[in-house]
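For reference, the chains in residue letters:
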Amino acid sequence: LDATRRLQRLFNALAPTVQIFSLDEAFIDLSDCRRLYPDPFKFGELVQDAIQAELGAWVTANVGISWNRFLAKMSGETSPKGSVSQITQDNLDEKLSTTPFADVCGVGFRLERRLAAIGVENLYQLHLITDTELKLYFGPYWSVQLRRMSLGEEPDLFSRIDVNPHMKSVGRSITGYKLCDDEDEIKRVLYNLVIEVTSKTRAM
């Protein structure tokens, strides 16, 4: 939690428009500070240096650059560890055709399985499917979201950041110190976790 707060302070000190996406992720909009940061790659290196100065040299950070948040995140997810990378119009089709769904924000495991069932293994292959077929396979909501992603556009998931720029989810986890197959004990642990998550949700 301390590291997360320090990261968020660091992000907010770099630019006026910052959207926190998760415990260790943020979208930094450079539109209002292009004179200060004319080169996005140099800005990415600045971010990496600032993170290491704040948290330690052992911390690495990927920086993804693009014209929207969906593609910026994809760029960061698919680039080598500790690198700065960019998705442009020139390499967009390549990224869409080579990025596995595991690295596509908005496509969960169940949706990935449904896509695999019709022979779709990447976003670019959706160009071969008509809007009518997409709607038939995935319904009125997901057909639109998948089409947006196949064009490199932001799906609806990212618009929720604009509505609630703070906490995105509530969670609680526990790591056991021994294997357990006692059903009553497992139920007690799950019950306690649910109680804590409920308390956090009410506090929000």
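Our subject is the structure that appears above.
Rules and cut-offs
- Residues numbered from 1 in each chain as written.
- Predicted model: local features only at pLDDT ≥ 70, side-chain atom pairs only at ≥ 80, totals over all residues.
- Heavy atoms only, no water.
- Helix = DSSP H or I, 4+ residues; strand = E, 2+ residues; numbered from the N terminus.
- Contact = heavy atoms within 4.5 Å.
- Areas by Shrake-Rupley, 256 points an atom, 1.4 Å probe, with all protein chains shown as cover.
- Lys, Arg positive; Asp, Glu negative; His and termini not counted.
- Charge placed at Lys NZ, Arg CZ, Asp CG, Glu CD.
- Core = buried A, V, L, I, M, F, W, Y, C linked by side-chain atoms within 4.5 Å.
- Buried < 20%, exposed > 50% of the residue type's maximum accessible area, 1.4 Å probe, protein only.
- Pairing = 2+ DSSP bridges.
- 1 Å grid on protein atoms, 1.4 Å probe; cavity = no way out; pocket = protein on both sides within 12 Å on 5 of 7 lines; lining within 4 Å.
- Points joined across faces, edges and corners; volume = space filled by probe spheres on them.
- Axes fitted to C-alpha atoms, helices over the stretch in contact; angles between N-to-C directions.
- Parallel < 35°, antiparallel > 145°, perpendicular 65-115°, else oblique.
- Nonpolar A, V, L, I, M, F, W, Y, C, P; charged D, E, K, R; others polar.
- Left-handed = near helix turned anticlockwise from the far one by under 90°.

Enquirer: Which residues make up the overall build of the protein, and what are the values?
Expert: In terms of regular secondary structure, the protein is built from eight helices and four strands. Ordering the α and β elements of the protein from the N terminus gives α-β-β-α-β-α-β-α-α-α-α-α. If one aligns the C-alpha atoms of the protein with their principal axes, the spans along those axes are about 55 × 50 × 30 Å. For the protein, the proportion of contacts with a sequence separation of at least 24, taken over those separated by at least 6, is 44%. For the protein, the accessible area works out to roughly 13,400 Å², and carbon and sulfur atoms hold 53% of it. In the protein, which carries 24 positive and 28 negative side-chain charges, the distance between the mean positions of the two groups comes to 6 Å.

Enquirer: Account for the nonpolar core, with residues named and values stated.
Expert: Generally speaking, soluble globular proteins have nonpolar side chains that are buried together. Counting residues in hydrophobic clusters, the biggest one holds 24 residues, and the most contacted among them are F70, V104, L115, L123, L126 and L146. Secondary structure elements with two or more residues in this core: α3 (69-78), α4 (92-98), α5 (109-117) and α6 (131-150).

Enquirer: Account for the environment of D90, naming residues and giving values.
Expert: Among the secondary structure elements, D90 is positioned in the loop between β4 (84-86) and α4. We classify D90 as exposed; its relative accessible area is 79%.

Enquirer: So what's going on with the pairing of strand β1 (residues 17-22)? Which residues, and what values?
Expert: Of the pairings in the sheet, the one linking β1 to strand β2 (residues 25-29) comprises five bridges and is antiparallel in character. Its bridge partner lying in β2, I20 is registered against A26. Here β1 folds back onto β2 in antiparallel fashion, the turn holding two residues.

Enquirer: Any details on the layout of surface pockets? Residues and values, ideally.
Expert: Considered as a void within the structure, the largest pocket measures approximately 1,300 Å³ in volume. Elements with a contribution of two residues or more to the lining of the largest pocket: α1 (2-14), β1, β2, α2 (40-55), β3 (63-65) and α3.

Enquirer: Please set out the packing of α5 against α6 residue by residue, giving values where relevant.
Expert: Packing of α5 against α6 brings their axes to within 13 Å, and their N-to-C directions diverge by 105 degrees. Classified by the interaxial angle, the pair formed by α5 and α6 is roughly perpendicular. In this structure, α5 uses L111, R114 and L115 to contact α6, whose residues at the interface are Y137, F138, W142 and L146. Considered class by class, the residues forming the contact of α5 with α6 number six nonpolar, no polar and one charged.

Enquirer: Describe in detail the packing of α1 against α2, supporting the description with residues and values.
Expert: Here α1 crosses α2 at 145 degrees, and the two axes come no closer than 11 Å. Here α1 runs over α2; the crossing is right-handed. Residues A3, R6, L7, L10, F11 and L14 of α1 touch α2, and the partners they reach there are F43, L46, V47, A50, I51, E54 and L55.

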